[in-house]
Amino acid sequence: ENIDGKKDDSKSVQNTADVIKWKEAEEIFLSDDHFQRISNLCSIEKFQLEAELSFDNKIKDNPEKSQNEVNEVSDNATNAKETQKNSSPNDTKNKVSVLNFVNSGTVAVNLKSAGYEGDLGGALDDNTDLVPGVYEGGLKIWECSEDLVKYLHKEYSDKLEGCKVLEVGCGAGLPGVFAFASGASVHFNDYNKEVLEEVTIPNVLLNVQDSPKDLDESKDEEPDSLMAKCKDTSSFPETRYFAGDWEHLNTLLTQDKNVNRYDLILTSETIYNPDNHQKLIQLLKDQLKGSGSGVALIAAKTYYFGVGGSIQDFQRKLEANGFEVETVFKCESGVKREILAAKIK
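Residues numbered from 1 in each chain as written. Predicted model: local features only at pLDDT ≥ 70, side-chain atom pairs only at ≥ 80, totals over all residues. Heavy atoms only, no water.

J.: Quick one: what's the story with the pattern of salt bridges, residue by residue and with numbers?
T.: Scanning all chains against the criterion turns up 12 salt bridges. Between E198 and R37 there is a salt bridge whose closest N-O contact spans 3.1 Å. With E198 in helix α7 (residues 193–205) and R37 in helix α1 (residues 32–39), this pair connects stretches of sequence that are 161 residues apart. Residue classification places R37 among the partly exposed residues on the basis of a relative accessible area of 23%. A salt bridge links D147 to R337; its shortest N-O distance comes to 2.4 Å. Residue D147 is located in helix α5 (residues 143–155), and its partner R337 is located in strand β11 (residues 337–344); the two are separated by 190 residues in the primary sequence. R337 shares its class with D147; the two are buried. Among the charged side chains, a network of salt bridges with common partners joins E27, R240 and D256. (Salt bridge = Lys/Arg side-chain N within 4 Å of Asp/Glu carboxyl O. Helix = DSSP H or I, 4+ residues; strand = E, 2+ residues; numbered from the N terminus. Buried < 20%, exposed > 50% of the residue type's maximum accessible area, 1.4 Å probe, protein only.)

Encoded structure:
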């Protein structure tokens, strides 16, 4: 099950027309409506990060190589750290150990009761995980997203301050939210604008803090008091939000003079459709820092039965496009899952 308590079935692609008109990318800006959503929350969910990763084994073939991958991200952020006010990154007492998030199921119920009739309708009415080109599963917190945020907590907690991060296909955005809470500047992308507005942005705002320790101390904090804290947007790292298809997103980011290449790109449960692999790979090639200095972390199920996607196939395509790829975590029990780390050679 996922952390919303729902059965975590694999994403399944419904029969659709051969030609899909993918949504063009657009930027979503913070507004008073997003802060009001925080105020209207009846409760806040907690995702605890101190528990061990649910993996059978960590890949140990080349531990020095894996550590180099983490260190390179840290080195990229060195110049930006002087602008941050957090405690020393070596102080493990200040590691983020809990994330606040909204319950996606509650969001779905609220939208349905309000008479919502947009692109998320299939997910609200039929419990549909995916309608290609219309809804891409963003309301559900998927298993591999949990894996990725736990991996970041274990391997990157002391390395994220000052980094520039992009989470692609974010949905609830817990990996990106963790990076944000750890001091990184984070840009979030989801296919559906409504997912960003109803789930991603509230999750970010619920994790605004003065130091990583604040989230532990806010376990019983009411939504109104959290809203008052997050109203002061100058007190936390930059976040931006982009809806739409990856090909259009890549064009938008490339044309934006305020966007430089990213130290770290995160994505989970996004390789289920092989038809979209090249768009994602091109986005990674164009937006990740090159010469091995940037790292992309891809969390996915080993196989997506009935859909065609597999992590081995995606790894082969990455390598054919000039990436150096290693498997940094693997789970062999239950639903098989992996995390790849990819760098541009």
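J.: Just give me the short version of the pairing of strand β8 (residues 264–268), but keep the residues and values in it.
T.: With five of its five residues buried, β8 lies for the most part within the structure. Residue alternation in β8 divides its side chains into two sets, L264, L266 and S268 and I265 and T267, and both sets are buried. Pairing between strand β5 (residues 164–168) and β8: four bridges, direction parallel. Along β8, the bridge assignment pairs V165 with L264. Of the strand pairs in this sheet, β8 and strand β9 (residues 295–301) are connected by five bridges, and their pairing is parallel. When the sheet's bridge partners are listed, I265 is paired in β9 with A296. In this view, the connection linking β8 to its parallel neighbour β9 by way of helix α11 (residues 277–287) has right-handed handedness. (Pairing = 2+ DSSP bridges. Right-handed = clockwise from strand over helix to strand, strands pointing away.)

J.: Quick one: what's the story with the packing of α1 against α7, residue by residue and with numbers?
T.: For the pair α1 and α7, the least separation of the axes is 10 Å and the interaxial angle reads 75 degrees. Taken together, the axis directions place α1 and α7 in an arrangement best described as roughly perpendicular. On α7, the residues that touch H34, F35, R37 and I38 of α1 are E197, E198, I201, P202 and L205. Per-class residue counts for the contact of α1 with α7 are five nonpolar, one polar and three charged. (Axes fitted to C-alpha atoms, helices over the stretch in contact; angles between N-to-C directions. Parallel < 35°, antiparallel > 145°, perpendicular 65-115°, else oblique. Contact = heavy atoms within 4.5 Å. Nonpolar A, V, L, I, M, F, W, Y, C, P; charged D, E, K, R; others polar.)

J.: Give a detailed account of the side chain of K140, specifying residues and quantitative values.
T.: Looking at the secondary structure, you find K140 in the loop between α4 (121–126) and α5. A residue is classified by how much of its surface remains accessible, and K140, at 13% relative accessible area, is buried. A polar side-chain atom of K140 sits 3.5 Å from a polar atom in the side chain of D129. (Polar contact = N/O pair within 3.5 Å; in protein donor to acceptor, adjacent residues only side chain to side chain.)

J.: Go over helix α3 (residues 104–113) with me, naming the residues and quoting the values.
T.: All buried positions along α3 are accounted for by S104, G105, V107, A108 and L111. Buried residues in α3, looked at end-on, bunch into an arc of 160 degrees, giving them a common side. Looking at α3, the residues exposed on the side facing more than 90 degrees away from the buried face are V109 and S113. At the N-terminal end of α3, a side-chain oxygen is found 2.8 Å from the backbone nitrogen of G105, two or three residues along, and the residue is N103. Downstream of α3 by a residue or two, G115 has a phi angle that is positive, lying close to 80 degrees. (Arc of directions from axis to C-beta.)

J.: I'd like to hear about the environment of N258, residue by residue, with values.
T.: Turning to its location among the elements, N258 is positioned in the loop between α10 (246–255) and β8. Once you skip the residues sitting within four places of it in the chain, N258 turns out to touch K164 and R240.

J.: Can you tell me about the packing of aromatic side chains, naming the residues and giving the values?
T.: Applying the stated rule across the entire model yields seven aromatic pairs. Measuring from centroid to centroid gives 5.8 Å for Y303 and F305, while their planes differ by 40 degrees, and the two rings are tilted. Residue Y303 is classed as partly exposed on the basis of its relative accessible area of 40%. Judged by its relative accessible area of 68%, F305 is exposed. (Phe/Tyr/Trp six-rings, centres within 6.5 Å; stacked < 30°, edge-to-face > 60°.)

J.: Outline the nonpolar core, listing residues and values.
T.: By size, the foremost hydrophobic cluster in this structure holds 60 residues, and its most contacted members are L99, Y156, L264 and L297. L288, A300, F314 and F323 belong to the second largest nonpolar core, which has 31 residues in total. (Core = buried A, V, L, I, M, F, W, Y, C linked by side-chain atoms within 4.5 Å.)

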